[in-house]
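What the coordinates show
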Amino acid sequence: MIELHIATEPTDELVAAFRRLLPQLSSSAAPLDRDALAKILGSPTNIVLIARDDGIVVGTLTLVLYLVPTGVRARIEDVVVDASARGRGVGEAMIREALRLAATRGAKTVDLTSNSTRVAANQLYQRIGFEPRETHAYRYVLKNKAK
Ligand SMILES: CC(C)(COP(=O)(O)OP(=O)(O)OC[C@H]1O[C@@H](n2cnc3c(N)ncnc32)[C@H](O)[C@@H]1OP(=O)(O)O)[C@@H](O)C(=O)NCCC(=O)NCCS
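Below or above, wherever it landed, is the structure these notes cover. From a predicted model like this one, the values you see are computed outputs, not experimental measurements.

As for the packing of helix 3 (residues 90–104) against helix 4 (residues 119–128)
Where helix 3 contacts helix 4, the axes come no closer than 11 Å and their chain directions differ by 45 degrees. When the axis of helix 3 is compared with that of helix 4, the two are oblique. Helix 4 is crossed by helix 3, and the crossing has right-handed handedness. Side by side, helix 3 and helix 4 meet where Gly 91, Glu 92, Ile 95, Arg 96 and Leu 99 of the first sit next to Leu 124, Tyr 125, Arg 127 and Ile 128 of the second. Across the contact of helix 3 with helix 4, the residue classes break down as 5 nonpolar, 1 polar and 3 charged.

So, in structure tokens, the structure goes:
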């Protein structure tokens, strides 16, 4: 049975789960230690959803909510489901829960980006009802490390 909850504590189990899941999302993501995970879970803008299947952590998603002059913004980030648990609706369940949470916190829209090479993810988002936006996504790569 799939269960969702909001992570609050960087337990050994969650640290291990992120060690397992993050490489399946990004080959360049640095592994998270307990302190790093604690900061992420403790950030007031973040809601980190955890999905369990029969008690085992199989997926995570981070909903980011922040306030700007035009209103509450919501973004979904870092969606990943363990390869052994894909295709059974875990991803969809996490996204739908994130949409529900965003609505209860006053967001009118929820944004995400997904590289077009991520075929399964793009199919899932569009099936749920995300629509491509007519906008340019820009990124400036910072060369200097923050001190
Ligand atoms: C994207 C991801 C989170 C989906 O998780 P999931 O638990 O398998 O999601 P669901 O079971 O709810 O739905 C999966 C959908 O992808 C489809 N899918 C799975 N593999 C696919 C493939 N190779 N090509 C096309 N579609 C595929 C499934 O058919 C299903 O869509 P459908 O129900 O319309 O058929 C998961 O595949 C994943 O973690 N991928 C690697 C990380 C990633 O790309 N994250 C997204 C970052 S933007």
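Here we look at the nonpolar core
Counting residues in each nonpolar core, the largest one holds 26 residues, and the members touching the most others are Leu 61, Leu 63, Ile 76, Ile 95 and Phe 130. At 6 residues, helix 3 tops the list of elements feeding residues into this core. Residues in contact with Leu 61, not counting those within four places in the same chain, are Ile 47, Val 48, Leu 49, Ile 76, Glu 77, Asp 78, Val 79, Met 94, Ile 95 and Ala 98. Judged by nonpolar contacts, the second largest core, of 15 residues, contains Val 15, Leu 21, Leu 22 and Val 48.

Considering the site of the ligand
Neighbouring residues of the ligand: 22 residues in total, closest Val 79, Val 81, Gly 87, Gly 89 and Arg 127. At 2.9 Å, a backbone N or O of Gly 91 approaches an oxygen atom of the ligand. Arg 118 places a polar side-chain atom, nitrogen or oxygen, 2.9 Å from an oxygen atom of the ligand. Those elements giving two or more residues to the shell around the ligand turn out to be strand 4 (71–81), helix 3 and helix 4.

Structural notes on the side chain of Asn 46
Inspection of the secondary structure puts Asn 46 in strand 2 (residues 46–53). One polar contact links the side chain of Asn 46 to the main-chain carbonyl oxygen of Ile 40, over a distance of 3.1 Å.

Scoring rules and cut-offs
Residues numbered from 1 in each chain as written. Predicted model: local features only at pLDDT ≥ 70, side-chain atom pairs only at ≥ 80, totals over all residues. Heavy atoms only, no water. Axes fitted to C-alpha atoms, helices over the stretch in contact; angles between N-to-C directions. Helix = DSSP H or I, 4+ residues; strand = E, 2+ residues; numbered from the N terminus. Parallel < 35°, antiparallel > 145°, perpendicular 65-115°, else oblique. Left-handed = near helix turned anticlockwise from the far one by under 90°. Contact = heavy atoms within 4.5 Å. Nonpolar A, V, L, I, M, F, W, Y, C, P; charged D, E, K, R; others polar. Core = buried A, V, L, I, M, F, W, Y, C linked by side-chain atoms within 4.5 Å. Buried < 20%, exposed > 50% of the residue type's maximum accessible area, 1.4 Å probe, protein only. Near = heavy atom within 4 Å. Polar contact = N/O pair within 3.5 Å; in protein donor to acceptor, adjacent residues only side chain to side chain.

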